[in-house]
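Listed below, chain by chain, are the residues.
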Amino acid sequence: SLEPARGRVVALEGGAPVPGAEVLQWYRGQRGASDAHPVYHARFTRADAAGRFSFPAEIVTSPRIWLLRTEGPSWGVYHEAHGFQRPRPLHEDGEVLLRVSPADAAARRASVAPFCDQRPDDPGGRRIAALACAQREAPRAR
């Protein structure tokens, strides 16, 4: 089973909570010929008004995550004001602290284009696409 996890999403500068941030946690497997890490399991939740989030303990039945996992968990945060970021998790008092920055937010929002331009094949990518791509302007008719 996967261990439970709890933590906070905060601003890198000043430490203010980032309410409503979507938190992703995923486990990846061995790199393939394409140099991509296949995602074997992903879970996501939304931070509350204080920036707090939690994941319950979870049973994962796929043997791939246990036999082929080479890294994980990895973390990602999506927020409209911050775009998609992959912060390095800090561990404080049994919590995961994910710090995000609004710096270069426009570029970070633009970095979700690959999620929008082609359907991602993993659940974490699909979740990012569902959140971020709805915000993009619809293509204009010619």
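See the structure above.
Given the structure is predicted, the values throughout are model-derived calculations rather than measurements. (Residues numbered from 1 in each chain as written. Predicted model: local features only at pLDDT ≥ 70, side-chain atom pairs only at ≥ 80, totals over all residues. Heavy atoms only, no water.)

A. A look at the pattern of salt bridges. In the structure shown here, the tally under the stated rule is 7 salt bridges. Glu92 serves as the salt-bridge partner of Arg8, at 3.9 Å between the closest nitrogen and oxygen. Placement of Arg8 in strand E1 (residues 5-11) and of Glu92 in strand E7 (residues 90-92) is noted, with a sequence separation of 84 residues between them. The class for Arg8 is partly exposed, based on a relative accessible area of 24%. Look at Glu92 and you get partly exposed, because its relative accessible area is 38%. Glu95 is paired through a salt bridge with Arg8; the nearest N and O atoms lie 3.4 Å apart. Linking Glu95 in strand E8 (residues 95-100) with Arg8 in strand E1, this pair joins segments that are 87 residues apart in sequence. Judged by its relative accessible area of 15%, Glu95 falls in the buried class. Residues participating in the shared-partner salt-bridge network are Arg6, Arg8, Arg52, Glu92 and Glu95. (Salt bridge = Lys/Arg side-chain N within 4 Å of Asp/Glu carboxyl O. Helix = DSSP H or I, 4+ residues; strand = E, 2+ residues; numbered from the N terminus. Buried < 20%, exposed > 50% of the residue type's maximum accessible area, 1.4 Å probe, protein only.)

B. Representation of helix H4 (residues 123-132) within the structure. For H4, the complete set of buried residues consists of Gly124, Gly125, Ile128, Ala129, Leu131 and Ala132. The buried side chains of H4 occupy one side of the element, clustering within an arc of 170° when seen end-on. (Arc of directions from axis to C-beta.)

C. Region of the structure containing unusual backbone geometry. In this model, Asp93 sits at a positive phi of 50°, which is unusual for a non-glycine residue. Within the element layout of this structure, Asp93 appears in the loop between E7 and E8. Its relative accessible area of 79% is what places Asp93 among the exposed residues.

D. Expanded view of the packing of aromatic side chains. Counted under the stated rule, the structure contains 3 aromatic pairs. Each ring, one from Phe53 and one from Trp75, has its centre 5.9 Å from the other, and the planes form 55°; the classification is tilted. Taken together, the positions of Phe53 in strand E4 (residues 52-55) and Trp75 in strand E5 (residues 69-79) put the pair 22 residues apart, joining distant regions of the chain. For Phe53, a relative accessible area of 5% corresponds to the buried category. Joined through ring pairs, the aromatic side chains of Phe53, Phe55 and Trp75 make up one cluster. (Phe/Tyr/Trp six-rings, centres within 6.5 Å; stacked < 30°, edge-to-face > 60°.)

E. Expanded view of the pairing of E4. Where burial is concerned, the two faces of E4 differ: the one with Phe53 and Phe55 is buried and the one with Arg52 and Ser54 is not. Here E1 runs beside E4; their pairing, made up of 4 bridges, is antiparallel. Looking at the pairing, Arg8 lines up with Arg52 of E4. (Pairing = 2+ DSSP bridges.)

F. Representation of the sheet that holds E1. Spatially, the 4 strands line up as an open sheet ordered E4-E1-E8-E7, and their pairing is mixed. Two strands close off the open sheet at either side, each with one partner strand: E4 and E7. Ignoring which end each strand starts from, the neighbouring axes of this sheet average 30° apart. Across 3 bridges, the pairing between E7 and E8 is antiparallel. Along E8, the bridge assignment pairs His91 with Val96. (Axes fitted to C-alpha atoms, helices over the stretch in contact; angles between N-to-C directions.)

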